[in-house]
Amino acid sequence: MNLNPLLVGTAAPPIPAVRAWSARYRGREPLIDLSQAVPGYPPPPELLAHIAAAGGSLDAAAYGAITGDATLRSRYAEEVSELYGGSVSLDEIAITAGCNQAFVVTAMTLATAGDTVILPLPWYFNHKMILDTLGVEAVALPCRAEAGFIPSVEAAATLIGPRTRAIVLVSPNNPTGAIYPPATIAAFAELCADRGIALVIDETYRDFNAADRRPHDLIAETDWQETLVQLYSFSKAYCIPGHRVGAILAGQRFIAELTKVLDCVQICPPRAPQTALTWAIGALSGWRGENRRTIAARAQSFRSVVSSIAGWSVASIGAYFAYVRHPFPGRPAAAVAEWLAAERGVVSLPASYFGPRQEDFLRLAYANVDVAAINALPERLAVGASG
Ligand SMILES: Cc1ncc(COP(=O)(O)O)c(C=O)c1O
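Reading guide: rules and limits
- Residues numbered from 1 in each chain as written.
- Predicted model: local features only at pLDDT ≥ 70, side-chain atom pairs only at ≥ 80, totals over all residues.
- Heavy atoms only, no water.
- Pairing = 2+ DSSP bridges.
- Helix = DSSP H or I, 4+ residues; strand = E, 2+ residues; numbered from the N terminus.
- Axes fitted to C-alpha atoms, helices over the stretch in contact; angles between N-to-C directions.
- Contact = heavy atoms within 4.5 Å.
- Near = heavy atom within 4 Å.
- Polar contact = N/O pair within 3.5 Å; in protein donor to acceptor, adjacent residues only side chain to side chain.
- Areas by Shrake-Rupley, 256 points an atom, 1.4 Å probe, with all protein chains shown as cover.
- 1 Å grid on protein atoms, 1.4 Å probe; cavity = no way out; pocket = protein on both sides within 12 Å on 5 of 7 lines; lining within 4 Å.
- Sits in = over half its atoms within 2 Å of the grid points.
- Nonpolar A, V, L, I, M, F, W, Y, C, P; charged D, E, K, R; others polar.

Participant: Just checking my understanding: could you explain the sheet that holds strand 2 (residues 93-96) for this structure?
Facilitator: Strands belonging to one sheet form pairs held by backbone hydrogen bonds; the direction of such a pair is parallel or antiparallel. The strand order across the open sheet built from seven strands is 2-8-7-6-5-3-4, with neighbouring strands paired in mixed fashion. The open sheet is flanked by strand 2 and strand 4 (137-142), the only strands paired with a single partner. Direction aside, neighbouring strands of the sheet carry axes that sit 20° apart on average. Two strands pair when backbone bridges link them, and strand 6 (residues 198-202) and strand 7 (residues 228-233) are joined in this way by four bridges, in the parallel orientation. Bridge pairing in strand 7 places isoleucine 201 opposite glutamine 230. On the sheet, helix 12 (residues 252-265) packs against strand 2, strand 7 and strand 8 (246-250) and is oriented at approximately 140° with respect to strand 8.

Structure, rendered in C-alpha cells:
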C-alpha cells in the first residue's frame with residue numbers, strides 16, 4: 001500500500017532511539033535518565049485517588065463534551081484569569097487529550113497544505129513533525145546562543161510571507177529551557193496582530209518558572225482573542241502524562257472551528273482525569289509551588305556542577321531543561337549522546353533532533369533527577385580515554 005509521503009518523510013519519534021542506546025549500558029552505577037521530560041517524583045496519592053474514584057463512575061465511562069467538561073473548563077478559566085490578570089471565560093477554553101494533540105488540532109485549525117508557520121530553531125520536534133505531515137512548511141527562525149536562544153522579532157518579521165499563518169513560541173522553551181521575557185512575547189504578539197497571523201504559545205512548562213511571575217501580559221493588556229492561541233499541558237505540572245490532558249485558550253471564533261477537528265480526533269478528552277483536575281487545580285497549588293522550588297534548586301546545582309566539568313558548558317538553562325555544549329566539536333550530537341548513554345549511563349537527547357545546525361549541543365532534562373544524581377555527573381561526563 002502507498003503511505004502518506006509527507007508522513008513517511010518526517011522524522012521518527014526520537015525517544016525510542018535514545019532508549020535503545022541506554023539498553024546497551026553495562027556500568028555498575030545506575031542509569032541517569034535525562035532524556036524525556038517526566039518529573040522524577042510521583043503525583044500525590046490524593047490525586048491518584050481522585051482519578052481512581054472518577055474512573056470507577058458511570059459518568060466517566062460515557063462520552064463527554066467535545067471541548068471538555070464545563071466544570072474543568074470553568075475552573076481552568078478562573079486559574080488562567082488569575083495568573084494572567086485578565087478575564088477568560090469557559091467558552092475560550094478547550095480541553096484536549098494532551099498538549100501535543102492541542103498543537104495538532106491548532107495547526108489543523110490555522111493552516112492548510114502550502115501555508116507556512118514560523119518556528120524558532122531549535123524547535124520542539126513534534127511541532128515540526130506534524131507540520132511536515134500536514135504539508136505546512138515550517139520556516140526556521142534561528143535563535144543564537146549569544147542571545148540566550150531568545151528569538152528575534154525583527155528577524156521573524158522578515159520571514160512572514162503571504163501564506164504565513166502563525167508564529168509558534170514555546171516558553172519556557174523545549175529544548176533550551178529559555179524563558180522568554182514578557183516584552184519579547186508582547187513584541188511577537190504585536191507583530192502577529194499587525195500582520196493578521198496567529199501567535200501560538202506553548203506554555204507546557206510554565207509551572208516550573210522559578211520566578212513565579214506572570215509569564216506575559218497579553219491577556220491582561222491586549223485584545224488577544226484575534227491573535228493568541230495558548231497551549232498548556234497538565235502532564236508535567238501534575239505528573240500525570242499517561243492520563244493525557246492539555247488545554248487550549250483562544251478566542252471564541254477559533255474555538256468554534258477547532259471544535260470540528262476535536263470532534264473528529266478525540267470526540268471528548270479523557271473523562272476521569274478531567275474530574276480529578278477540577279479538584280486539583282486549587283487543591284494542589286501549594287504542591288506545585290514546592291515542585292517549582294525543588295526544580296529551581298536542581299537548576300542551580302546542575303549549572304554549577306556541569307560548568308565545572310572540563311570541556312562541557314551550559315549554553316542555556318531555565319525551566320526544566322539545559323542546553324549543553326558538548327566537548328567534541330565536529331562530532332555529531334547523536335554520536336556523543338549514544339556514547340554517553342551506552343558507555344556512561346547518562347541518557348540525553350542529541351540537539352540534532354531539534355533541527356539543523358544543532359550538532360554541538362545535547363538537551364539534558366535536569367528536572368527529572370535529584371541533586372544526588374546531578375552531583376554524580378562530573379564522573380560520568382569526564383572525558384577520558386573512552387571519550
Ligand atoms: C513543548 C511541549 N509541548 C507539548 C508536550 C506534550 O505534552 P502532553 O503530554 O500534554 O501531550 C511536551 C512534552 O514533552 C512539550 O515539551
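Participant: Would you mind showing me how to read the site of the ligand here?
Facilitator: Taken together, 13 residues form the shell around the ligand, and within it Cys99, Asp202, Tyr205, Ser233 and Ser235 come nearest. The separation between an oxygen atom of the ligand and a polar main-chain atom of asparagine 100 is 2.9 Å. Measuring from an oxygen atom of the ligand, one finds a side-chain N or O atom of lysine 236 at 2.9 Å. In the complex, the protein chains occlude 92% of the 400 Å² of accessible area that the ligand would expose alone. Under a 2 Å grid-point criterion requiring more than half of the atoms, the pocket assigned to the ligand is the largest pocket. If you list the elements that add at least two residues to the shell around the ligand, you get helix 6 (99-110) and helix 11 (234-237). In terms of residue class, the shell around the ligand is built from four nonpolar, six polar and three charged.

Participant: What should I look at first to understand the sheet that holds strand 9 (residues 313-317) in this one?
Facilitator: Read from one edge to the other, the open sheet built from four strands follows the order 9-10-13-12, with strand pairing classed as antiparallel. Either end of the sheet is taken by a strand with one partner, and the two such strands are strand 9 and strand 12 (349-350). Pairing analysis gives four bridges linking strand 10 (residues 322-325) to strand 13 (residues 361-364), with the strands arranged antiparallel. Bridge assignment links arginine 325 to a residue of strand 13, and that residue is phenylalanine 361. Its contacts with the sheet put helix 14 (residues 285-307) on strand 9, strand 10 and strand 13, and the angle it makes with strand 9 is roughly 155°.

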